[in-house]
Amino acid sequence: GNFVLYADVAVAKMRAHVVTSRHASRAGLGCARGNRKRVALARASAKGSDASWFDAYKETARSRRATSYTSQDWPRHRSSRRFFRDLATLPTSAVFVALLEPLAALGGCALAACLLGTRYPKLQLNPLPLQLTASALALLLVLRTNRSYARWLDVRRNFGEAQTTAREVARKCACWIMPLDPPRAQGVARATAAFFECINAKFLPVSTSNDGNGSDELQREALEDALRALFVDPSDARLVAWAPHPTLAALQMASTHAREAEGLGEKPLMELERDLSTLSRCLGGCERMFSTPVCLPYKRHTTRALALWLALLPFALWSSLGWMTLPSTLFVSFLLLGIDEVGIQMEEPFSVLPLRKIARVAIQEILDVLSTQVRVEEACRPTVVP
């Protein structure tokens, strides 16, 4: 009876995290208060930011790219009509909008080259230097894009491994600890779910203003509100949210609950500790990617070389193309700058990957494992055959 009761309590408390905001408000979980704090953070960020409208549009569009495919999405993704569809959405493309400012500057250079070529016909640039450096510039762009994609793939692998490990923690918790000590099983499961909530707060926070103190407090309060839906005791939510390192505090709490579980043997405890260490290792890999960009001298030299090469291009094209130099320069600039922009966008992959959805799925899987265990225990009871 206690086993079923504690399992029901765990499932009821933790399912509150994955309901919609409308249902959460009915349950009185304080989601509306958390949403108000997130809005306040966003307004503070907009007030203190000096980014242009183009940058703001680009940053907003990053969240729309965080998509997760299902079996219904792949046929549309590889459809032959993708060419027409992608060309039709070019004016609203985040890459295109982000390049409007540099394209306008390069268009001014092309216009100046055309006007100077009309007034001074002998003023020409030999295209040989640009031809000799084109292959080196292309190599710089390719290596930069490949390195950014490798970072994108590494982050996705780390989150995938963390999600798989969380399933293992939940399964071992339900099979090994819950029959012996249901409250401790709930504690390990809740702390593991809280780990994913803390990852969201760490790598995908609401943008903050330049004033660090107040914004950090709002971030902590928003995290505490989210954790209250996971923990039975509100003090546990506050402890994790206001810890110096909330992700490590969640793992530490899970490890403590596992160690204190009554009747758990040494070998199962070592297995759980190994899984929690894997979660910590995945966190470390993500922290390394988040805090360390691609080598800054490499990035700056690529940007400078690309800008200078494109700025000199119209002066070399004028003698051959005439006034067609202007559209030709814009076309080539869009292609090359677009490759560089894609590499820039993938360099920080946390806001372009569906990490929030991965975290929600991981939390839901923990809940499903706990709720399924009750039915599994009932189904596996020996049946006496007369």
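Coordinates for the structure precede this section.
What counts, and where the lines are drawn
- Residues numbered from 1 in each chain as written.
- Predicted model: local features only at pLDDT ≥ 70, side-chain atom pairs only at ≥ 80, totals over all residues.
- Heavy atoms only, no water.
- Axes fitted to C-alpha atoms, helices over the stretch in contact; angles between N-to-C directions.
- Helix = DSSP H or I, 4+ residues; strand = E, 2+ residues; numbered from the N terminus.
- Parallel < 35°, antiparallel > 145°, perpendicular 65-115°, else oblique.
- Left-handed = near helix turned anticlockwise from the far one by under 90°.
- Contact = heavy atoms within 4.5 Å.
- 1 Å grid on protein atoms, 1.4 Å probe; cavity = no way out; pocket = protein on both sides within 12 Å on 5 of 7 lines; lining within 4 Å.
- Points joined across faces, edges and corners; volume = space filled by probe spheres on them.
- Nonpolar A, V, L, I, M, F, W, Y, C, P; charged D, E, K, R; others polar.
- Expected span 1.5 Å × (residues − 1).
- Phe/Tyr/Trp six-rings, centres within 6.5 Å; stacked < 30°, edge-to-face > 60°.
- Buried < 20%, exposed > 50% of the residue type's maximum accessible area, 1.4 Å probe, protein only.
- Core = buried A, V, L, I, M, F, W, Y, C linked by side-chain atoms within 4.5 Å.
- Salt bridge = Lys/Arg side-chain N within 4 Å of Asp/Glu carboxyl O.

Caption draft 1: How the structure looks around the packing of helix α8 (residues 100–119) against helix α16 (residues 325–347). Interaxial distance between α8 and α16 falls to 9 Å at its minimum, and their mutual angle equals 150°. What the angle tells us is that α8 and α16 run roughly antiparallel. Remark: the crossing between α8 and α16 carries right-handed chirality. Packed against α8, whose contacting residues are Pro 102, Leu 103, Leu 106, Gly 107, Ala 110, Leu 111 and Cys 114, the element α16 presents Thr 325, Leu 326, Thr 329, Leu 330, Ser 333, Phe 334 and Leu 337 at the interface.

Caption draft 2: Local environment of empty space enclosed by the protein. If you walk through the whole model with that rule in mind, you get one cavity of 30 Å³ or more. Space inside the largest cavity adds up to approximately 40 Å³. Every element with two or more residues in the lining of the largest cavity is listed here: α8 and α15 (296–321). A total of three residues in the lining of the largest cavity trace back to one element, the largest contributor, which is α8. The residue inventory of the lining of the largest cavity, partitioned by class, reads five nonpolar, one polar and no charged.

Caption draft 3: Just α16, in detail. Between its first and last C-alpha, α16 extends 33 Å over 23 residues, near the 33 Å set by a 1.5 Å rise per residue. Against α4 (53–64), α7 (94–98), α8, α9 (128–177) and α15 lie the buried residues of α16.

Caption draft 4: Here's a closer look at the packing of aromatic side chains. Under the defined criterion, the tally for this structure stands at 10 aromatic pairs. For the ring pair Phe 203 and Phe 350, a centre distance of 4.7 Å and an interplane angle of 15° mean the geometry is stacked. Of the two residues, Phe 203 sits in helix α10 (residues 182–203) while Phe 350 sits in the loop between α16 and α17 (355–379), which places them 147 residues apart along the sequence. Side by side, Phe 203 and Phe 350 carry an identical accessibility label, which is buried. Aromatic pair Phe 290 and Phe 350: ring centres 5.2 Å apart, planes at 80°, arrangement edge-to-face. Within this pair, whereas Phe 290 is found in helix α14 (residues 266–291), its partner Phe 350 is found in the loop between α16 and α17, the two being separated by 60 residues in sequence.

Caption draft 5: The arrangement of the nonpolar core in detail. Counting 52 residues, the largest nonpolar core has Phe 159, Ile 177, Phe 195, Phe 196, Leu 227, Phe 350 and Leu 355 as its most contacted members. Mapped by element, the contributors of at least two residues to this core are α9, α10, α11 (212–228), α12 (234–241), α13 (246–259), α14 and α17. Residues within four places of Ile 177 in sequence aside, it is in contact with Lys 172, Pro 182, Arg 184, Ala 185, Val 188, Ala 261, Leu 264 and Leu 272.

Caption draft 6: Inspection of the pattern of salt bridges at higher detail. A full pass over the atoms with the stated rule returns 14 salt bridges. The closest approach of N and O atoms between Arg 167 and Glu 365, which form a salt bridge, is 2.8 Å. Note that Arg 167 is positioned in helix α9 and Glu 365 in helix α17, a separation of 198 residues in sequence. For Arg 167, a relative accessible area of 35% gives the class partly exposed.

Caption draft 7: Molecular detail of the packing of α10 against α17. Between α10 and α17, the least distance of the axes is 9 Å, while the angle of their chain directions is 175°. By the angle between their axes, α10 is roughly antiparallel relative to α17. Where α10 approaches α17, its residues Ala 189, Thr 192, Ala 193, Phe 196, Glu 197 and Asn 200 are matched on the opposing element by Leu 355, Arg 356, Ala 359, Ala 362, Ile 363, Ile 366 and Leu 370. Classifying every residue of the contact of α10 with α17 gives nine nonpolar, two polar and two charged.

Caption draft 8: Up close: the environment of Ala 362. Relative to the helices and strands, Ala 362 resides in helix α17. A relative accessible area of 1% places Ala 362 in the buried class. Sequence separation between Ala 362 and Ala 166 is 196 residues; the distance between their C-alpha atoms is 6.8 Å. With residues up to four places along the chain from it excluded, the contact list for Ala 362 reads Gln 163 and Phe 196.

Caption draft 9: Molecular detail of the layout of surface pockets. Looking at the largest pocket, its volume works out to about 1,500 Å³. Surrounding the largest pocket, 33 residues form its lining, Arg 64, Arg 65, Thr 67, Tyr 69 and His 77 being those nearest its centre. Going through the elements one at a time, α4, α5 (73–77), α6 (82–88), α7, α9, α16 and α17 are the ones with two or more residues in the lining of the largest pocket. Looking at the lining of the largest pocket residue by residue, the class counts come to 17 nonpolar, eight polar and eight charged.

Caption draft 10: Structural context of α10. Here α10 is 22 residues long and its end C-alpha atoms lie 32 Å apart, about the 32 Å a rise of 1.5 Å per residue gives. Burial analysis of α10 places 18 of its 22 residues in the buried class, which makes it a mostly covered element.

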